[in-house]
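# A closer look at the structure
Residues per chain are reported as follows:
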Amino acid sequence: MNDINDCGTEVLKITRYSKKIFPMVLPLLKEGTKGWGKEWSREIISAYSRQQGEAYLAQDGGKIVGTILLRKEVRALVIYFLVVKKEERLKNIGSSLVKFAEGIARREKRILRVDVAREFEGNTRFYLKLGFKKCGRVKNFYQQGDEQIFLYKVPSK
Ligand SMILES: CC(C)(COP(=O)(O)OP(=O)(O)OC[C@H]1O[C@@H](n2cnc3c(N)ncnc32)[C@H](O)[C@@H]1OP(=O)(O)O)[C@@H](O)C(=O)NCCC(=O)NCCS
């Protein structure tokens, strides 16, 4: 059941992912990695099927509408993958998942970090709107010829 806010309307519920429900999440993973190349699609699907890292699901009325995959690196919490179902985009769900990750980072005294392929400028704008700052640009990071924009955020107190 979804949480109910003071106005009596349902609010988004964010829960920890378990690989037991992998088949239910698979279509969303495929949708989210479309256009990223086969290697990325395989990498993300494999991470969810083996439950590598820490993934969370956004659910609205029982429907899975988004997911975020986090990894801990030294004192950073890295957003490794984030997707919102196509028809549910621009409804603040992506922001809610990132803010949820920010809460974890705050509690664990970590910085939040993400890298975005240079050609996905819209994704960079999305993170800048959420208060992330650019902290680097690295070529040939995941594969030869790629270029990643690195962004970070120190969680607000
Ligand atoms: C990126 C993504 C997760 C955003 O999720 P969302 O739920 O649509 O985002 P929100 O509704 O929370 O948007 C928050 C703000 O960012 C803006 N924004 C969202 N996506 C954007 C985009 N692609 N380009 C520019 N701005 C964008 C919104 O307009 C909104 O701005 P506002 O506060 O001024 O209204 C979603 O577009 C997605 O799943 N994309 C495909 C998968 C992907 O590329 N994931 C990689 C992320 S690293």
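In what follows, the accompanying structure is described. The structure displayed is predicted, hence computed values, not measured ones.

One way to put it is that helix H1 (residues 22-32) packs onto helix H2 (residues 38-50) with a least axis distance of 10 Å and a crossing angle of 165 degrees. Classed by the angle they form, the pair H1 and H2 counts as roughly antiparallel. Along this stretch, H1 crosses H2, giving a crossing that reads as right-handed. The segment H1 lies against H2, with Phe22, Val25, Leu26, Leu29 and Lys30 engaging Ile44, Ile45, Tyr48 and Ser49. A breakdown of the residues in the contact of H1 with H2 according to their chemical character gives seven nonpolar, one polar and one charged.

Okay, the nonpolar core next. Ranked by size, the top nonpolar core spans 23 residues in total, and within it Ile68, Leu70, Ile79, Tyr127 and Phe132 carry the most contacts. Ranked by the residues each element gives to this core, the list is headed by helix H3 (residues 93-107), at six residues. Core analysis: the second largest hydrophobic core is formed by 17 residues, Tyr17, Leu28, Ile44 and Leu57 among them.

So, on to the side chain of Thr67. If you trace the backbone, Thr67 turns up in strand S5 (residues 63-73). Owing to a relative accessible area of 0%, Thr67 belongs among the buried residues under this scheme. Within the structure, the side chain of Thr67 is placed 2.7 Å from the side chain of Tyr48, a separation counted as a polar contact. Other than its neighbours up to four places away in sequence, Thr67 contacts Leu28, Leu29, Tyr48, Tyr56, Leu57, Phe81, Leu82, Val83 and Leu97.

Here we come to the site of the ligand. Neighbouring residues of the ligand: 18 residues in total, closest Leu82, Leu90, Asn92, Ser95 and Lys129. Between Leu90 and the ligand, the recorded distance is 2.7 Å, taken from a backbone N or O atom to an oxygen atom. One nitrogen or oxygen atom from the main chain of Gly122 is found 3.2 Å from a nitrogen atom belonging to the ligand. Protein contact buries 73% of the 910 Å² of open area that the ligand shows by itself. Applying the majority rule of atoms within 2 Å of the grid points places the ligand in the largest pocket. Top contributing element to the shell around the ligand by residue count: helix H4 (residues 121-129), with six residues. In terms of residue class, the shell around the ligand is made up of eight nonpolar, six polar and four charged.

Before going further, it helps to examine the environment of Glu102. The topology assignment puts Glu102 in helix H3. Residue Glu102 is classed as buried on the basis of its relative accessible area of 5%. Remark: the alpha-carbon pair of Glu102 and Lys38, spanning 64 residues in sequence, is separated by 30 Å. Within the local environment of Glu102, its side chain forms a polar contact with the backbone nitrogen of Ser156, the two atoms lying 3.4 Å apart.

Criteria and cut-off values
Residues numbered from 1 in each chain as written. Predicted model: local features only at pLDDT ≥ 70, side-chain atom pairs only at ≥ 80, totals over all residues. Heavy atoms only, no water. Axes fitted to C-alpha atoms, helices over the stretch in contact; angles between N-to-C directions. Helix = DSSP H or I, 4+ residues; strand = E, 2+ residues; numbered from the N terminus. Parallel < 35°, antiparallel > 145°, perpendicular 65-115°, else oblique. Left-handed = near helix turned anticlockwise from the far one by under 90°. Contact = heavy atoms within 4.5 Å. Nonpolar A, V, L, I, M, F, W, Y, C, P; charged D, E, K, R; others polar. Core = buried A, V, L, I, M, F, W, Y, C linked by side-chain atoms within 4.5 Å. Buried < 20%, exposed > 50% of the residue type's maximum accessible area, 1.4 Å probe, protein only. Polar contact = N/O pair within 3.5 Å; in protein donor to acceptor, adjacent residues only side chain to side chain. Near = heavy atom within 4 Å. Areas by Shrake-Rupley, 256 points an atom, 1.4 Å probe, with all protein chains shown as cover. 1 Å grid on protein atoms, 1.4 Å probe; cavity = no way out; pocket = protein on both sides within 12 Å on 5 of 7 lines; lining within 4 Å. Sits in = over half its atoms within 2 Å of the grid points.

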